[in-house]
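Remarks on the overall topology
Listed here are the chains, written in short residue letters.
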Amino acid sequence: MNGITPDCLNDFYFTNPAERKTIELILLRQMPFPFAGKSGILLHGTWGTGKSTLAEVLPELFETAYSGNWNPANSIGQMTGPNPSHTQTHMFRCGGGLSSTSFTQTINDCNSRNPLYSMSGNDYFIFDEVDRLTPAAQQSLRSTMGLKRCMFFFTTNYLPKIDPAIVNRCHLIEMNQAPNACSYFPMAHNLLAQMGLSASAISQTTLGTYAKNAKGSIRDFLNDVMVEGLSLGGKMPTTKAVV
């Protein structure tokens, strides 16, 4: 599990294993998506759990899944996006005056042509912190979700603030604090290795305390690990992924 530069499902923690299984089945192309009115994947949970990053990673994984370059005998959790990436996504950072006119026009313009550069045959639309859209903007958004050849990826910290019709059009994926602190240890061990330290440099008891205090925030957890690692003589970590 790599929390520094995550690029596959195994790099994220999913609160509900059954919800992760839904994503796996979709990527394995054993479950149709979009299908029966569901064209979105809505990632919800507390801050710092990787929702925004996963929303950007998922279109990359769809491209690999539909390219035919992934051996289905391998674990789907290890599948990464194309390298180099050719995935074209449309990102909307919600709030800050984002108007419904701008994103509905983009979605409709994309839908009026064939997505020539998409292996899945779909356009990818990411709405980060979708709860920050006004109720009127959310109503406009839900009206576009029935268009063909569109996949939507949403993130929110406040699920009750999302229009119920949008929620109903999505597969819900909860990303909250793991009940077992050990779930975060592989991330810490990867970071310590990148810093030139052994996995045992920080005790499991201390790591458990960091995980508890972080309350699900991978950002806070890894920063605590990094600070302690530096105090133990570790080198400055880079953004290079740790295997």
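Now for a quick tour of the structure.

Calculation rules
- Residues numbered from 1 in each chain as written.
- Predicted model: local features only at pLDDT ≥ 70, side-chain atom pairs only at ≥ 80, totals over all residues.
- Heavy atoms only, no water.
- Helix = DSSP H or I, 4+ residues; strand = E, 2+ residues; numbered from the N terminus.
- Buried < 20%, exposed > 50% of the residue type's maximum accessible area, 1.4 Å probe, protein only.
- Contact = heavy atoms within 4.5 Å.
- Polar contact = N/O pair within 3.5 Å; in protein donor to acceptor, adjacent residues only side chain to side chain.
- Axes fitted to C-alpha atoms, helices over the stretch in contact; angles between N-to-C directions.
- Parallel < 35°, antiparallel > 145°, perpendicular 65-115°, else oblique.
- Nonpolar A, V, L, I, M, F, W, Y, C, P; charged D, E, K, R; others polar.
- Phe/Tyr/Trp six-rings, centres within 6.5 Å; stacked < 30°, edge-to-face > 60°.
- Salt bridge = Lys/Arg side-chain N within 4 Å of Asp/Glu carboxyl O.
- Pairing = 2+ DSSP bridges.
- Right-handed = clockwise from strand over helix to strand, strands pointing away.
- Core = buried A, V, L, I, M, F, W, Y, C linked by side-chain atoms within 4.5 Å.

**Let's talk about the environment of His86**
Considering the arrangement of structural elements, one finds His86 in the loop between α2 (51-67) and β2 (89-93). The partly exposed category is assigned to His86, whose relative accessible area is 36%. Separated by 26 residues in sequence, His86 and Glu60 place their C-alpha atoms 8.5 Å apart. Leave out the neighbours within four places in its chain, and His86 touches Glu63, Tyr117 and Met119. At 3.1 Å, the side chain of His86 and the side chain of Glu63 are in polar contact.

**A look at the packing of helix α3 (residues 100-111) against helix α4 (residues 135-144)**
Closest axis-to-axis distance for the α3/α4 pair is 9 Å, and the angle between their directions is 5°. Considered as vectors, α3 and α4 are oriented roughly parallel to each other. Contacts from Ser100, Phe103, Thr104 and Ile107 of α3 reach α4 at Ala137, Ser140, Leu141 and Thr144. Along the lines of polarity and charge, the residues of the contact of α3 with α4 split into 4 nonpolar, 4 polar and no charged.

**Remarks on the packing of aromatic side chains**
Each aromatic ring pair is summarised here by two numbers: the centre-to-centre distance and the angle between the ring planes. By the definition in use, this model includes 13 aromatic pairs. Measuring from ring centre to ring centre gives 6.0 Å for Phe152 and Phe154, while their planes differ by 15°; the resulting arrangement is stacked. Here Phe152 matches Phe154 in class, with each residue buried. Through a chain of ring-to-ring contacts, the aromatic side chains of Phe92, Phe103, Phe125, Phe127, Phe152 and Phe154 assemble into a single cluster.

**A word on helix α1 (residues 17-27)**
Every buried residue of α1 is listed here: Glu19, Arg20, Thr22, Ile23, Glu24, Ile26 and Leu27. Contact partners of the buried residues in α1: α2 and β5 (170-174). Two or three places before Ala18, at the start of α1, stands the capping residue Asn16, its side-chain oxygen 2.8 Å from that residue's backbone nitrogen.

**A word on the pattern of salt bridges**
One pass over the full model with this rule turns up 7 salt bridges. Residues Glu129 and Arg132 are paired through a salt bridge, measuring 3.4 Å at the closest nitrogen-oxygen approach. A relative accessible area of 29% means that Glu129 is categorised as partly exposed. One salt-bridge network, held together by shared partners, links Arg20, Lys21 and Glu24.

**Re the environment of Thr206**
With respect to the element layout, Thr206 can be found in helix α7 (residues 204-214). With a relative accessible area of 26%, Thr206 lands in the partly exposed category. Distance in space between the C-alpha atoms of Thr206 and Thr155 is 31 Å, their sequence separation being 51 residues. Within the local environment of Thr206, its side chain forms a polar contact with the side chain of Ser203, the two groups lying 2.9 Å apart.

**Focus on the environment of His44**
With respect to the element layout, His44 can be found in strand β1 (residues 40-44). Residues within four places of His44 in sequence aside, it is in contact with Lys51, Thr156, Leu159, Leu172, Ile173, Glu174 and Met175.

**Overview of the pairing of β2**
Of the pairings in the sheet, the one linking β2 to strand β3 (residues 123-128) comprises 5 bridges and is parallel in character. Note on β3: the bridge partner recorded for Arg93 is Asp128. After leaving β2, the chain enters α3 and then returns to the sheet as β3, a path that is right-handed.

**Some details on the nonpolar core**
In this structure, Leu9, Leu27, Leu54, Leu58, Phe62 and Phe153 are the most contacted members of the largest nonpolar core, which totals 24 residues. Contributing elements (two or more residues each) for this core: α1, β1, α2, β3 and β4 (150-156). A total of 7 residues in this core trace back to one element, the largest contributor, which is α2. Those residues in contact with Leu9 that sit more than four places away from it in its chain are Phe14, Arg20, Ile23, Glu24, Leu27, Leu54, Leu58, Leu61 and Gly77.

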